[in-house]
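One letter stands for each residue in the lines below.
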Amino acid sequence: MRQDEIIKQLSDKELRFQLVFSQILFLAGSILLSFILFPSWEAWLNYFDFNFNEIVLIGSGTAFVVILFDFILMKVFPKESLDDGGINKRIFENQPISFIVGFTLLVAICEELFFRGTIQTTFGYVFASLLFAFVHIRYLKKPVLFLSVVLVSFFIGWIFERTENLLITITAHFIIDLVLGLIIRFKK
């Protein structure tokens, strides 16, 4: 059974549970890997720099570039080439705003801790960016969507390479997912 068919069979409550559970797996993976891959917690915590100006400017600037890129894709390519089988629509369309904010924050934290904080810092930029793209398996059959995820992953990975600050990439990831989730939520 395809992923979009499985998601259609879930109730809203079951869908929320599955979404949150998948992110908790990323969080658990990043915590476990940090114990294995880093000599100490301090080494891992060095990737959290609470420089407010950088977090806001670079994080939101990165998000702006990615959102603009997505809008350009929406204008250039036919709607069918950007359709993920209705999965994002199902995830965001009928959800309360509080869920969308909380869920996109959870996704940003868990995925950035896993892909940038543990995978990229240990196995490198290219491997982490490609792994991030392949984890979004529902995009593999849609070349435009998959290429978009690959480019965004490499861009956010590059931002992390330059800043070495997970708070910047978490902020960017959160804003991107929040804005796109709210667009789906309110689109008529």
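Relevant structure appears above.
Anyway, here's the lowdown on the structure attached to this text. What you see is a predicted model, and the numbers here were worked out from it, not measured in a lab.

**What about the overall build of the chain?**
Item 1. Looking only at helices and strands, the chain has nine helices and zero strands in total.
Item 2. From first element to last, N terminus to C terminus, the chain shows the α and β order α-α-α-α-α-α-α-α-α.
Item 3. Taken over C-alpha atoms, the radius of gyration comes to 16 Å for the chain, in line with the 16 Å a tight globule of 188 residues would show.
Item 4. Judged by the C-alpha coordinates and their principal axes, the chain covers about 45 × 35 × 30 Å.
Item 5. Counting over 188 residues, the chain shows a buried share of 41%.
Item 6. Within the chain, contacts between residues at least 6 apart in sequence are counted, and of these 78% link residues at least 24 apart.
Item 7. When the accessible surface of the chain is split by element, carbon and sulfur atoms take 69% of a total near 10500 Å².
Item 8. Positive and negative side-chain charges in the chain, numbering 16 and 17 respectively, have mean positions lying 10 Å apart.

**What about the packing of aromatic side chains?**
Item 1. Taken as a whole and assessed by the stated rule, the structure comprises 17 aromatic pairs.
Item 2. Relative to Trp41, the ring of Phe35 lies with its centre 5.1 Å away and its plane at 90°, an arrangement referred to as edge-to-face.
Item 3. Trp41 sits in the partly exposed class, given a relative accessible area of 35%.
Item 4. On the numbers, 5.4 Å between centres and 85° between planes, the contact of Tyr125 with Phe154 is edge-to-face. Taken together, the positions of Tyr125 in helix α7 (residues 125–135) and Phe154 in helix α8 (residues 143–163) put the pair 29 residues apart, joining distant regions of the chain.
Item 5. Tyr125 sits in the partly exposed class, given a relative accessible area of 23%.
Item 6. With relative accessibility at 21%, the residue Phe154 sits in the partly exposed group.
Item 7. Aromatic rings pair up to connect Phe35, Phe38, Trp41, Trp44, Tyr47, Phe48 and Phe160 into one cluster.
Item 8. Between Arg16 and the ring centre of Phe99, over which it is positioned, the NZ or CZ distance is 5.3 Å.

**Quick notes on the nonpolar core**
Item 1. Counting residues in each nonpolar core, the largest one holds 20 residues, and the members touching the most others are Leu19, Tyr47, Ile91, Phe92, Phe103 and Leu166.
Item 2. When residues of this core are traced back to their parent elements, those giving at least two are α2 (12–37), α5 (87–92), α6 (97–123) and α9 (166–186).
Item 3. Per-element accounting of this core gives the leading share, six residues, to α6.
Item 4. Contacts of Tyr47, omitting those with residues within four sequence positions, involve Phe38, Thr121, Phe160, Glu164, Asn165, Leu166 and Leu167.

Conventions used here
Residues numbered from 1 in each chain as written. Predicted model: local features only at pLDDT ≥ 70, side-chain atom pairs only at ≥ 80, totals over all residues. Heavy atoms only, no water. Helix = DSSP H or I, 4+ residues; strand = E, 2+ residues; numbered from the N terminus. Rg over C-alpha atoms; globule rule 2.2 N^0.38 Å. Buried < 20%, exposed > 50% of the residue type's maximum accessible area, 1.4 Å probe, protein only. Contact = heavy atoms within 4.5 Å. Areas by Shrake-Rupley, 256 points an atom, 1.4 Å probe, with all protein chains shown as cover. Lys, Arg positive; Asp, Glu negative; His and termini not counted. Charge placed at Lys NZ, Arg CZ, Asp CG, Glu CD. Phe/Tyr/Trp six-rings, centres within 6.5 Å; stacked < 30°, edge-to-face > 60°. Lys NZ or Arg CZ within 6 Å of the ring centre and 35° of its normal. Core = buried A, V, L, I, M, F, W, Y, C linked by side-chain atoms within 4.5 Å.

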